[in-house]
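A closer look at the structure
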Amino acid sequence: MIVFGNKAHNAADQVADEIRRTRSWIQHDQRVHWENELRRRSRALAQAEQELLSAKLVGLLDNLSAQQNAVRRTREACEEAEKKLRNVKRWTRDFDSAAEPLAKRIDSFREVLAQTLPRAIAFLLQAQKTLEAYGETSAPTPAARPNPSGDLDDTEIDNGTQAL
């Protein structure tokens, strides 16, 4: 029980730490990553649009489809980064409401570990001592054993008739 208590307490601590790390990862790391990625992709889109405009002005019709494909790809990449950033903002907003019920369960489990488990261990130790003490007592002798039915046995009946 003691080993279980220690392992369970460590596991509960790890879960709580993982919740904090995940919150930080979503709120800071991912938000910063996708904001930077959106800026980088927006610059790439602006550059691809500029190259397409330049190709149109110069009149390079054979290179125009390649420039249009580049604009389309960078625009899709930009839209993907915007979508990811929106998702990160939504996760940031919703994380606590999703994780809080689970964190409360972990907290109640920690309370059980802190309060109930020591009482259970103390109870088991007392039970062990009681059983050991019971094992050390001697068994009653057969002659001193009472009749469970409460009736007089044959020896008591014979002794009773002899006395009369």
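The text that follows walks through the structure, step by step, so that each part is easy to find. Predicted model only: the values in this text are computed from it and were never measured.

Digging into the overall build of the chain
- On a plain count of helices and strands, the chain comes out with three helices and zero strands.
- When the helices and strands of the chain are placed in sequence order, the string is α-α-α.
- Within the span of the chain, comprising 164 residues, buried residues form 18% of the whole.
- In the chain, the share of contacts with a sequence separation of at least 24, taken over all contacts with a separation of at least 6, comes to 78%.

Focus: a nonpolar patch on the surface
- On the surface, Met1, Phe123 and Leu124 cluster together into a nonpolar patch covering about 340 Å² of accessible area.
- Its place among the elements puts leucine 124 in helix H2 (residues 61-136).
- On the basis of relative accessible area, leucine 124 is assigned to the partly exposed category, the value being 45%.

Digging into the side chain of glutamine 67
- Its place among the elements puts glutamine 67 in helix H2.
- Excluding residues that lie within four positions of it along the chain, glutamine 67 makes contacts with Ala48, Glu51, Leu52 and Ala55.

A look at the pattern of salt bridges
- According to the stated counting rule, one finds 11 salt bridges in the structure shown.
- With a shortest N-O distance of 2.2 Å, aspartate 17 and arginine 20 are connected by a salt bridge. Of this pair, aspartate 17 and arginine 20 both sit in helix H1 (residues 2-58), three residues apart, which is roughly one turn of that helix.
- What makes aspartate 17 partly exposed here is its relative accessible area of 30%.

What counts, and where the lines are drawn
- Residues numbered from 1 in each chain as written.
- Predicted model: local features only at pLDDT ≥ 70, side-chain atom pairs only at ≥ 80, totals over all residues.
- Heavy atoms only, no water.
- Helix = DSSP H or I, 4+ residues; strand = E, 2+ residues; numbered from the N terminus.
- Buried < 20%, exposed > 50% of the residue type's maximum accessible area, 1.4 Å probe, protein only.
- Contact = heavy atoms within 4.5 Å.
- Patch = residues over 30% accessible without salt bridge, like charges linked within 9 Å, V, L, I, M, F, W, Y side chains within 5 Å.
- Areas by Shrake-Rupley, 256 points an atom, 1.4 Å probe, with all protein chains shown as cover.
- Salt bridge = Lys/Arg side-chain N within 4 Å of Asp/Glu carboxyl O.

None of this, on its own, says anything about what the molecule does.
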